[in-house]
Amino acid sequence: MQASPNTNAVLPCNVTFPQSATVGKIEKSLINVSWMSNGSDIASSRETVTKIKEGFSWDISNFVNGDFSLTVLRAELNLQGVYECTVSYNSTMLHSSNVTLNIVASPTLLVPQQWVVLETESQLKCHADAFYPPPVSFSWTRDGQLVQPPHQVEGELTSNGFYTAVGNMTFYPSREDQNVTFGCRVSHNRSFQELDFQLNITYLPAVKLSAVSSHSSNIPLTLYCDLESFYPEEVSVSWLQNGTVLPQPPDTEQNPDGTYRARHYYNLSPEQRGQGGKVECAVNQPGVMQPISGSENLETLDPKDDNPVLNKSAKASVAMMSISIVLVFLLCFGFSWRRRDEKQKSLSVSCIILPPRVIVGHKGRVTVSIQGRRVDRVETAWFLNDTPISDTSITASEKGPLLPPRGEMGYYKLHTQGPLHSSGSDTQQLISSLTFIPQISIHKGAVLKCQVSYMGKDKIVMERVSEKFTILSAPEVSEIQLAETPNDSDVISMTVRASHFHPDVITFRWFCQGSELRPVASQASSSPQPNSEGFFSASSQCKLPQSELEKGGTKVWVSVHHIALKQPVTRETRGFMKRPCVSEIVGSTSSPEPTLGCEITDFYPPNVSVTWLKLREGEQDDREEEVIEGGEMWGPVQTQPRLYRATATLKRTATNQDKKKKGGGIICRVEHCSLQEPIEKLWSNVDIVAPAIPPSISVCWSSEGVGVFSLLLKGGHPKVKLLWAAGGSTLSPLVSNETEEIGDDGQREMKSVCALERSTSLAIQMNKQPERRRNGHAIKTKAAVTDPDAEGIEYIDEKVDVENNNIDRDEDTQSEVDEDSDKEMEEDPGALHINRVSMSKAPRENERARLRVSLEITHPALKLPVYRTWTEPNEEMSSSA
């Protein structure tokens with residue numbers, strides 16, 4: 001016997017009592033039972049005295065039925081071994097058997113977050129923990145294809161008696177591996193598990209170090225470092241001089257191919273320039289053990305003149321020329337310079353004050369405070385990076401689209417408050433604010449600028465630039481989804497999904513009855529890639545034995561932690577859940593009040609909600625919905641121990657009954673705790689209407705003895721299903737022909753025609769159209785129905801029956817016949833097939849069985865099929881005889 005840890009295991013022991021004991025009543029006092037393991041007593045029952053060890057149980061009421069099975073409660077590793085069952089009755093040994101109990105624990109899988117370097121030898125690790133017994137086998141897949149065959153690992157024994165093992169795969173990542181799903185597949189005890197993940201690939205940059213040319217060694221020297229074709233965006237750059245780290249600051253831009261480029265500057269002081277030597281720009285990235293660096297000798301980047309005398313003379317000339325230019329500039333423009341300087345000194349502009357939290361979809365406000373004597377003449381202009389911002393609060397929606405069309409910048413509202421006068425001072429204050437709704441696609445990595453100027457002047461008096469701000473988006477967390485594990489029906493997988501969050505760092509913590517669980521699979525630890533809108537999604541999975549969840553009292557919950565959440569989001573579940581199956585909406589007009597109905601089946605738990613919605617006429621994707629009141633639900637009704645069903649109905653109003661009003665539609669929306677999104681079924685204003693059925697079948701007999709049976713159906717939706725059958729005491733299906741057209745009253749009409757003749761053969765020849773067309777009959781349909789005796793009706797009857805044909809045909813000849821038959825059918829598609837029916841003899845001699853022709857009519861609006869039958873009269877039988 002095999003059992004999973006912490007589950008109950010039944011050790012069987014069944015005995016058949018001797019016939020002498022079963023004649024009378026079996027006396028429990030004469031039954032002696034004992035269970036032993038490893039030489040110690042587990043359970044025993046002697047002379048109605050029962051003893052059983054803690055952790056085991058049995059049902060003594062089953063002893064008289066010969067069932068002495070022992071149940072191991074919450075099986076553990078230390079309970080493995082051989083169990084011996086001994087049964088005797090009235091001191092006579094009846095049974096002795098051994099049962100071996102083995103504990104099998106499936107591994108939990110984990111692939112740690114890991115960065116690999118493009119086209120560099122990398123190693124992936126897959127951890128299989130808490131399994132028993134050893135060994136396990138690891139294999140690796142890429143896009144579902146096996147890339148490394150299984151290799152067996154014994155694993156290491158842990159302190160709790162279970163085993164842990166690590167599988168490795170060494171490979172060289174390529175560009176094609178980006179966004180491709182890899183899988184770690186683990187085989188254990190003839191069961192398989194697989195954990196999918198995606199790689200985080202680091203693209204190494206090309207690093208080039210340069211310097212901004214300088215004409216003097218007494219001023220700072222600016223160095224810059226170009227990084228090309230790297231990924232991801234996050235890099236850190238450090239500067240070193242002669243091996244000593246220098247302090248720093250950076251910026252990045254994205255290339256068309258998705259990689260990034262950056263230029264990093266560093267100003268060397270005159271003393272550092274004088275030191276000379278080797279300078280380096282070292283780049284560190286995730287997963288890279290040694291930084292990538294570019295280096296140059298400072299003498300190459302910052303060459304010095306060889307002639308110091310000439311150098312001094314040149315510097316003196318440049319200095320004199322510079323002084324002359326400055327003097328002329330001051331004489332010509334000194335007044336305006338002084339005036340601008342006075343304006344600058346007369347204004348005090350604060351830095352841009354950012355909100356503490358910038359959340360997607362929530363309004364945020366940035367503010368600049370301006371103080372001075374004449375702030376009433378000051379105006380401000382706001383920019384997103386270098387793009388001017390205008391007030392769009394009138395035209396833009398405050399909800400803000402997640403991804404606005406190109407050229408649109410979203411929702412902005414400009415505010416100006418003031419001037420405000422300070423008491424006891426002639427200083428005034430002006431507050432300029434900008435309210436905006438953050439969007440990742442627009443504001444990620446952006447800065448806001450505020451330019452201050454005087455009204456009517458083009459010159460900018462002062463500019464303030466904000467810091468880059470992190471945009472937050474709280475995750476949308478689904479309910480816990482429960483499902484049976486494909487390879488192990490005794491284990492339930494619990495999955496929770498988080499979507500629409502930013503940034504990408506998120507944590508899932510699972511708990512069961514107060515104890516924290518370890519997730520078996522979590523995409524949250526693999527740095528999920530953003531979607532087209534810039535939002536991230538992740539999921540986490542945990543597993544528990546099904547027996548634990550079916551108790552109904554086992555509480556499992558998960559808490560989701562994210563920087564955008566003030567408090568963690570918690571989802572919990574009790575017991576098992578199963579997704580409902582929802583039928584299409586069915587409309588009925590047969591009841592006194594026209595009703596729509598929708599069946600909801602096979603769901604658990606029984607709590608389910610149904611909402612009826614009405615669509616505006618013509619709406620499909622961007623639809624507008626209106627809730628319809630008056631919906632009812634019958635149930636839920638239990639169909640199985642863990643399954644329920646219900647029926648949702650809606651009585652339609654007079655406006656719903658207007659058949660001329662097509663388009664629009666009605667939606668049945670079903671919500672259940674097992675669903676991440678509601679299930680919706682659309683009804684497009686089409687009724688199910690039963691057709692008008694004539695009371696009898698029309699019959700025409702031709703001079704050739706061919707009977708043509710027909711029935712005309714009017715109206716109805718959808719199309720009916722028809723089945724013709726004929727015979728005597730038993731009926732066999734026939735081939736028929738149906739045509740549709742619109743009648744004079746505008747209703748759809750369907751005419752069904754079936755032709756047949758008696759046959760003396762023992763078998764019914766039917767459904768062999770190629771052969772019947774050659775060896776049977778065909779007639780023109782419409783003409784035969786209207787007037788079978790009319791001239792011009794084409795009766796194809798070679799009078800060659802298979803039974804009476806004594807000419808043997810080989811396979812080649814028969815093939816030619818079939819081909820000719822197919823051609824004949826294509827050339828004459830309007831011909832009606834004639835069914836040949838053989839009748840068995842009647843019970844009395846010299847009597848012929850009466851022919852019966854029946855038509856079965858089925859339709860969704862009919863609770864039961866409708867039948868129309870024609871029976872051959874006795875007069876026709878006597879006359880034909």
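Preceding this paragraph is the structure being described.
Now for a look at the structure at hand. These numbers come from a predicted model, not from an experiment. (Residues numbered from 1 in each chain as written. Predicted model: local features only at pLDDT ≥ 70, side-chain atom pairs only at ≥ 80, totals over all residues. Heavy atoms only, no water.)

**Focus on the overall build of the protein chain**
Okay, step 1: When you go through the protein chain residue by residue, the secondary structure sums to 11 helices and 65 strands.
Okay, step 2: Sequence separation of 24 or more characterises 63% of the internal contacts of the protein chain that already satisfy a separation of 6 or more.
Okay, step 3: Summed over all atoms, the accessible surface of the protein chain reaches about 49600 Å², with 49% contributed by carbon and sulfur. (Helix = DSSP H or I, 4+ residues; strand = E, 2+ residues; numbered from the N terminus. Contact = heavy atoms within 4.5 Å. Areas by Shrake-Rupley, 256 points an atom, 1.4 Å probe, with all protein chains shown as cover.)

**Remarks on the pattern of salt bridges**
Okay, step 1: Inspection of every chain in the model, using the stated rule, returns 9 salt bridges.
Okay, step 2: Between Glu740 and Arg748 there is a salt bridge, with its nearest N and O atoms 3.6 Å apart.
Okay, step 3: Look at Arg748 and you get partly exposed, because its relative accessible area is 30%. (Salt bridge = Lys/Arg side-chain N within 4 Å of Asp/Glu carboxyl O. Buried < 20%, exposed > 50% of the residue type's maximum accessible area, 1.4 Å probe, protein only.)

**Focus on the pairing of strand E56 (residues 698–701)**
The side chains of a regular strand alternate between the sheet's two faces.
Okay, step 1: Here E56 runs beside strand E57 (residues 707–714); their pairing, made up of 4 bridges, is antiparallel. Note that in E57 the partner of Val699 across the bridge is Phe709.
Okay, step 2: With antiparallel pairing between neighbouring strands as the criterion, E56 and E57 make up a hairpin whose turn holds 5 residues, including Gly705 at a positive phi of roughly 85°. (Pairing = 2+ DSSP bridges.)

**Some details on the sheet that holds strand E30 (residues 364–372)**
Okay, step 1: A sheet is described by the order of its strands in space; here 4 strands give the open sequence E28-E30-E34-E33, paired in antiparallel fashion. Each edge of the sheet is formed by a strand with only one pairing partner; in this case those strands are strand E28 (347–349) and strand E33 (412–421). Between one strand axis and the next, the sheet turns through 15° on average, direction left out of account.
Okay, step 2: For E33 and strand E34 (residues 428–436), the ladder comprises 8 bridges, and the chain directions are antiparallel. Of the residues in E34, the one forming a bridge with Thr416 is Ser432. (Axes fitted to C-alpha atoms, helices over the stretch in contact; angles between N-to-C directions.)

**A look at the environment of Val608**
Okay, step 1: Positionally, Val608 belongs in strand E50 (residues 608–615).
Okay, step 2: Given a relative accessible area of 12%, Val608 falls into the buried group.
Okay, step 3: Sequence spacing of Val608 and Cys673 is 65 residues, and the spatial spacing of their C-alpha atoms is 7.8 Å.
Okay, step 4: With residues near it in sequence (within four places) discarded, Val608 still touches Phe603, Met633, Pro636, Val670, Glu671 and His672.

**Comments concerning the nonpolar core**
Okay, step 1: Formed by 75 residues in total, the largest nonpolar core has its most connected members in Trp35, Phe68, Phe138 and Trp239.
Okay, step 2: The element best represented in this core is strand E21 (residues 221–230), accounting for 5 residues.
Okay, step 3: Counting 29 residues, the second largest nonpolar core, distinct from the first, contains Val378, Ile389, Ala446 and Met462. (Core = buried A, V, L, I, M, F, W, Y, C linked by side-chain atoms within 4.5 Å.)

**Focus: the packing of aromatic side chains**
Okay, step 1: For the coordinates displayed, the defined rule picks out 16 aromatic pairs.
Okay, step 2: An aromatic cluster of at least three residues, connected via ring pairs, comprises Trp140, Phe171, Phe182 and Phe197. (Phe/Tyr/Trp six-rings, centres within 6.5 Å; stacked < 30°, edge-to-face > 60°.)

**Description of the pairing of strand E53 (residues 643–651)**
Okay, step 1: Sheet topology places strand E49 (residues 595–603) next to E53; 7 bridges connect them, and they run antiparallel. The residue bridging Thr595 from the neighbouring strand is Lys651, located in E53.
Okay, step 2: As defined by bridge partners, strand E52 (residues 631–640) adjoins E53 across 7 bridges and the pair is classed as antiparallel. Residue pairing in the sheet places Gln640 in a bridge with Leu643 of E53.
Okay, step 3: Linking two consecutive strands that pair antiparallel, namely E52 and E53, is a turn of 2 residues.

**Observations regarding the sheet that holds strand E10 (residues 108–110)**
For sheets, the rule is that strands pair by backbone hydrogen bonds, running either parallel or antiparallel.
Okay, step 1: Strands sit in the order E10-E12-E16-E15 across an open sheet of 4 strands; the sheet is antiparallel. Two strands lie at the open edges of the sheet, namely E10 and strand E15 (156–157), each paired on one side alone.
Okay, step 2: Pairing between strand E12 (residues 122–131) and strand E16 (residues 163–171): 8 bridges, direction antiparallel. Bridging across to E16, Ser122 finds its partner in Phe171.

**Describing the environment of Asn32**
Okay, step 1: Residue placement: Asn32 occurs in strand E3 (residues 31–37).
Okay, step 2: Sequence-wise, Asn32 and Val49 are 17 residues apart; in three dimensions their C-alpha atoms are separated by 9.5 Å.
Okay, step 3: Ignoring sequence-local partners within four residues, the contact set of Asn32 consists of Ser45, Arg46, Glu47, Thr86, Val87 and Ser88.

**Here's the deal with the side chain of Ser453**
Okay, step 1: Mapped onto the secondary structure, Ser453 falls in strand E35 (residues 448–454).
Okay, step 2: Once you skip the residues sitting within four places of it in the chain, Ser453 turns out to touch Arg377, Val378, Glu379, Lys459, Ile460 and Val461.

**Considering the state of the cysteines**
Okay, step 1: Here the structure, examined in full by the defined rule, presents 3 disulfides.
Okay, step 2: Bridging Cys13 to Cys85, the disulfide has an S-S length of 2.0 Å. Sign of the S-S torsion, about -70° for the bond between Cys13 and Cys85, identifies this disulfide as left-handed. On the criterion of sequence distance, the pair formed by Cys13 in the loop between strand E2 (9–11) and helix H1 (19–23) and Cys85 in strand E8 (residues 81–89) is long-range, its members being 72 residues apart. Each member of the pair Cys13 and Cys85 is classed as buried.
Okay, step 3: Between the sulfur of Cys225 and that of Cys281 lies a disulfide, 2.0 Å long from S to S. Measuring the twist about the S-S bond at about -100°, one finds the Cys225-Cys281 disulfide to be left-handed. Of the two residues, Cys225 is situated in strand E21 and Cys281 in strand E26 (residues 278–284); the sequence distance between them amounts to 56 residues. Just as Cys225 is buried, Cys281 falls in that class too.
Okay, step 4: Sequence-ordered numbering of the disulfide-bonded cysteines in the protein chain gives the connectivity 1-2, 3-4, 5-6. (Disulfide = S-S within 2.5 Å.)

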